[in-house]
Amino acid sequence: MKKQRVWIHCRVLAESSRNLLNYQEEVLTELADDNDLSIVGVTKSISNGKNFNSYDMKSLITHIKRNDIDLILVTSKKRISIYDDLYEEFEMLCKGI
């Protein structure tokens, strides 16, 4: 059986939270390893989570549209966006709607 391809996405608000950014990556990498998932990419973004204009989010969205990944690992949906409607838009993108 082919391993599922996962992308790890980490985000924090401020540069001063770099330790949290690294912690998110650590936890999600361990989760992927424990579940025999193949990590194909990691984004570690420092942004306010109010839009998808950052380089990291644009890169992630490009890989979603290319169908390069099967799953996205995040510690919280707020790591995608702080706004529920924007998160739902992202969810629709992931589902190909």
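Residues numbered from 1 in each chain as written. Predicted model: local features only at pLDDT ≥ 70, side-chain atom pairs only at ≥ 80, totals over all residues. Heavy atoms only, no water.

(A) Structural context of the overall build of the protein chain. In terms of regular secondary structure, the protein chain is built from three helices and three strands. Its helices and strands in sequence order give the protein chain the pattern β-α-β-α-β-α, from N to C terminus. What you see for the protein chain is a C-alpha radius of gyration of 13 Å, in line with the 13 Å of a compact globule of 97 residues. For the C-alpha atoms alone, the extent of the protein chain along its principal axes is close to 40 × 35 × 20 Å. Expressed as a percentage of the 97 residues in the protein chain, the buried residues total 32%. Here the analysis covers contacts within the protein chain between residues at least 6 apart in sequence; of these, 71% occur between residues at least 24 apart. When the accessible surface of the protein chain is totalled, it reaches about 6200 Å², and 47% of it is carbon and sulfur. Between the mean site of the 14 positive side-chain charges and the mean site of the 15 negative ones, the protein chain shows a separation of 5 Å. (Helix = DSSP H or I, 4+ residues; strand = E, 2+ residues; numbered from the N terminus. Rg over C-alpha atoms; globule rule 2.2 N^0.38 Å. Buried < 20%, exposed > 50% of the residue type's maximum accessible area, 1.4 Å probe, protein only. Contact = heavy atoms within 4.5 Å. Areas by Shrake-Rupley, 256 points an atom, 1.4 Å probe, with all protein chains shown as cover. Lys, Arg positive; Asp, Glu negative; His and termini not counted. Charge placed at Lys NZ, Arg CZ, Asp CG, Glu CD.)

(B) Quick look at the confidence of the model for the protein chain. Overall, the predicted model of the protein chain reaches an average pLDDT of 95, with 100% of residues at or above 70. Within the protein chain, strand β3 (residues 71-73) carries the highest mean pLDDT (98), whereas helix α2 (residues 55-65) carries the lowest (95). (pLDDT = per-residue confidence, 0-100.)

(C) Just the sheet that holds strand β2 (residues 38-46), in detail. A sheet is described by the order of its strands in space; here three strands give the open sequence β2-β1-β3, paired in parallel fashion. At either end of the open sheet lies a strand with only one pairing partner, and these are β2 and β3. Within this sheet the neighbouring strands show an average axis-to-axis angle of 25 degrees, counted without direction. Where strand β1 (residues 5-12) and β2 come together, eight bridges link them in parallel fashion. Across the sheet, Val6 pairs through a bridge with Ile39, a residue of β2. Running over the sheet, α2 touches β1, β2 and β3 and is turned about 160 degrees from β1. (Pairing = 2+ DSSP bridges. Axes fitted to C-alpha atoms, helices over the stretch in contact; angles between N-to-C directions.)

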